[in-house]
Amino acid sequence: MLETSIAGLRLKHPVMNASGILGSEPEHLEILAKQGFSALVSKTITLNPREGYPPPIIVELRNNGLLNAVGLANPGARVIPVLARKARELSKPLILSIGGSSVEEFVKLAELASEAGVDAVELNLSCPHAEGYGLELGSDPMLVYRIVKDVVSVASLPVIAKLGLTDRVIESAGKALEAGVKALTLINTVKAMSIDVYTLKPVLSNKYGGLSGPPIHPIAVRVVYDVYREYRAEIIGVGGVSSWMDVAELMLAGARAVQVGTALIWNENIVDEILSGLHKWLIDLGYNSLMDLVGIAVM
Ligand SMILES: Cc1cc2nc3c(=O)[nH]c(=O)nc-3n(C[C@H](O)[C@H](O)[C@H](O)COP(=O)(O)O)c2cc1C
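Residues numbered from 1 in each chain as written. Predicted model: local features only at pLDDT ≥ 70, side-chain atom pairs only at ≥ 80, totals over all residues. Heavy atoms only, no water.

Visitor: Run through the overall build of the protein chain, naming residues and quoting values.
Guide: For the protein chain, the count of helices and strands is 10 helices and 16 strands. Here the C-alpha atoms of the protein chain give a radius of gyration of 18 Å, agreeing with the 19 Å that 2.2 N^0.38 yields for 299 residues. Expressed along its principal axes, the backbone C-alpha trace of the protein chain runs to roughly 50 × 50 × 40 Å. A separation of at least 24 residues holds for 70% of the contacts in the protein chain among residues at least 6 apart in sequence. (Helix = DSSP H or I, 4+ residues; strand = E, 2+ residues; numbered from the N terminus. Rg over C-alpha atoms; globule rule 2.2 N^0.38 Å. Contact = heavy atoms within 4.5 Å.)

Rendered as structure tokens:
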């Protein structure tokens with residue numbers, strides 16, 4: 001009833017974790033597997049280790065959102081075979097999120113991911129707070145095309161592009177598809193800022209951060225809707241999912257799978273809660289398969 005497929009991966013249900021909340025160490029994959037995610041997504045891995053920014057790097061906001069500028073802290077490419085081995089041990093598909101500041105770095109990481117036998121790579125073209133990485137690349141549709149084209153030419157696995165909110169997200173999505181991605185992940189955190197009214201300065205050490213959690217959910221729904229309407233592409237929807245209704249909305253807008261990030265911090269039963277809610281929803285509507293509802297709100 002809840003089975004789905006995305007980028008050639010057949011999944012028991014549509015709920016995977018979003019990159020970055022956990023997923024840079026094998027122990028994190030164990031925690032995520034226990035929570036019941038159908039596929040595991042790693043933290044974004046870069047070629048060399050990155051320390052990230054000094055604290056403060058995360059702030060809880062008054063509107064239930066979270067603002068972070070972790071700065072893509074990760075152990076570097078040495079961890080790729082370790083994560084691949086752990087995911088196999090857990091019998092879960094592994095989507096390796098990779099990030100680079102050049103076409104060459106993405107290509108090298110995709111080669112390493114292919115060699116390690118991960119199930120798919122997700123190209124982080126959307127982190128809004130790491131200089132030279134992420135959104136700075138993903139907001140240029142021609143650069144998206146070049147990165148994806150070169151990665152697809154060396155990778156013997158499905159390639160997914162994760163794009164974020166920019167004025168040109170629909171164009172970037174089109175270029176990623178034209179260059180050969182099997183699916184798109186939409187969206188990443190939204191570039192934002194919080195200011196401490198007593199220190200009179202931005203709260204985060206990096207000043208700018210990425211907004212996540214419930215406040216960005218309607219933005220994610222809108223972007224998924226627009227990209228699906230334009231290309232009928234395979235989409236993984238992400239942004240502010242904290243209940244089954246949020247998943248349902250993203251799927252009606254065109255997503256075949258979803259990712260959960262911020263809500264994981266507060267609710268370790270989130271996967272079970274979402275799955276039982278979706279199950280009941282399908283019965284209430286008289287549908288046999290979740291896949292029959294994908295994109296049906298799109299006109
Ligand atoms: C603390 C934190 C770290 C994150 N790290 C990454 C990352 O390494 N790579 C990435 O593609 N997205 C990263 N994200 C973004 C999430 O994967 C997701 O796209 C975003 O948070 C929106 O989903 P949510 O509202 O469910 O959290 C991070 C988000 C948070 C809150």
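Visitor: Now, about the pattern of salt bridges: what can you tell me, with residues and values included?
Guide: If the charged atoms of two oppositely charged side chains come close together, the side chains can form a pair. One pass over the full model with this rule turns up 8 salt bridges. The shortest N-O distance in the salt bridge between K86 and E30 comes to 2.5 Å. Placement of K86 in helix α2 (residues 80–89) and of E30 in helix α1 (residues 26–34) is noted, with a sequence separation of 56 residues between them. Linking E178 and K175 is a salt bridge whose minimum nitrogen-to-oxygen distance equals 3.2 Å. Here the residue E178 and the residue K175 both occupy positions in helix α6 (residues 169–178), the gap between them amounting to 3 residues, near one helical turn. Judged by its relative accessible area of 51%, E178 falls in the exposed class. One salt-bridge network, in which partners are shared between bridges, spans E30, K86 and E89. (Salt bridge = Lys/Arg side-chain N within 4 Å of Asp/Glu carboxyl O. Buried < 20%, exposed > 50% of the residue type's maximum accessible area, 1.4 Å probe, protein only.)

Visitor: Now, about the sheet that holds strand β10 (residues 183–186): what can you tell me, with residues and values included?
Guide: On the basis of which strands lie adjacent, the open sheet formed by 8 strands has the order β3-β16-β15-β10-β9-β8-β7-β4 and parallel pairing. Lying at the two open borders of the sheet, with one neighbouring strand each, are β3 (15–17) and β4 (40–41). Pairing of strand β8 (residues 120–124) with strand β9 (residues 159–163) involves 4 bridges; the strand directions are parallel. Each residue of the ladder has a partner; that of L123, found in β9, is A161. (Pairing = 2+ DSSP bridges.)

Visitor: Describe the site of the ligand, naming the residues involved and giving the relevant values.
Guide: Close to the ligand lie 23 residues; S19, T44, G213, G240 and T262 are nearest. Between the ligand and G213, the relevant distance is 2.8 Å, taken from an oxygen atom to a main-chain nitrogen or oxygen of the residue. Interatomic distance of 3.0 Å between a backbone N/O atom of G261 and an oxygen atom of the ligand. Bound to the protein, the ligand loses 96% of the 610 Å² it would expose on its own. Across the shell around the ligand, the residue classes break down as 8 nonpolar, 13 polar and 2 charged. (Near = heavy atom within 4 Å. Polar contact = N/O pair within 3.5 Å; in protein donor to acceptor, adjacent residues only side chain to side chain. Areas by Shrake-Rupley, 256 points an atom, 1.4 Å probe, with all protein chains shown as cover. Nonpolar A, V, L, I, M, F, W, Y, C, P; charged D, E, K, R; others polar.)

Visitor: Give a detailed account of a nonpolar patch on the surface, specifying residues and quantitative values.
Guide: A surface patch of nonpolar side chains, about 290 Å² in accessible area, is lined by I21, I265 and W266. If you trace the backbone, I21 turns up in the loop between β3 and α1. A relative accessible area of 33% means that I21 is categorised as partly exposed. (Patch = residues over 30% accessible without salt bridge, like charges linked within 9 Å, V, L, I, M, F, W, Y side chains within 5 Å.)

Visitor: Can you tell me about the packing of aromatic side chains, naming the residues and giving the values?
Guide: Throughout the structure, instances matching the rule amount to 1 aromatic pair. Judged by centre distance (5.9 Å) and plane angle (40 degrees), the rings of W244 and W281 are tilted. Remark: W281 occurs in helix α10 (residues 270–285) and W244 occurs in helix α8 (residues 244–252); sequence separation between them is 37 residues. Residue classification places W281 among the buried residues on the basis of a relative accessible area of 12%. The ring of Y145 has K175 lying over it, and the distance from NZ or CZ to the ring centre is 5.8 Å. The positively charged end of K191 is found above the aromatic ring belonging to Y208, 4.5 Å away from the centroid. (Phe/Tyr/Trp six-rings, centres within 6.5 Å; stacked < 30°, edge-to-face > 60°. Lys NZ or Arg CZ within 6 Å of the ring centre and 35° of its normal.)

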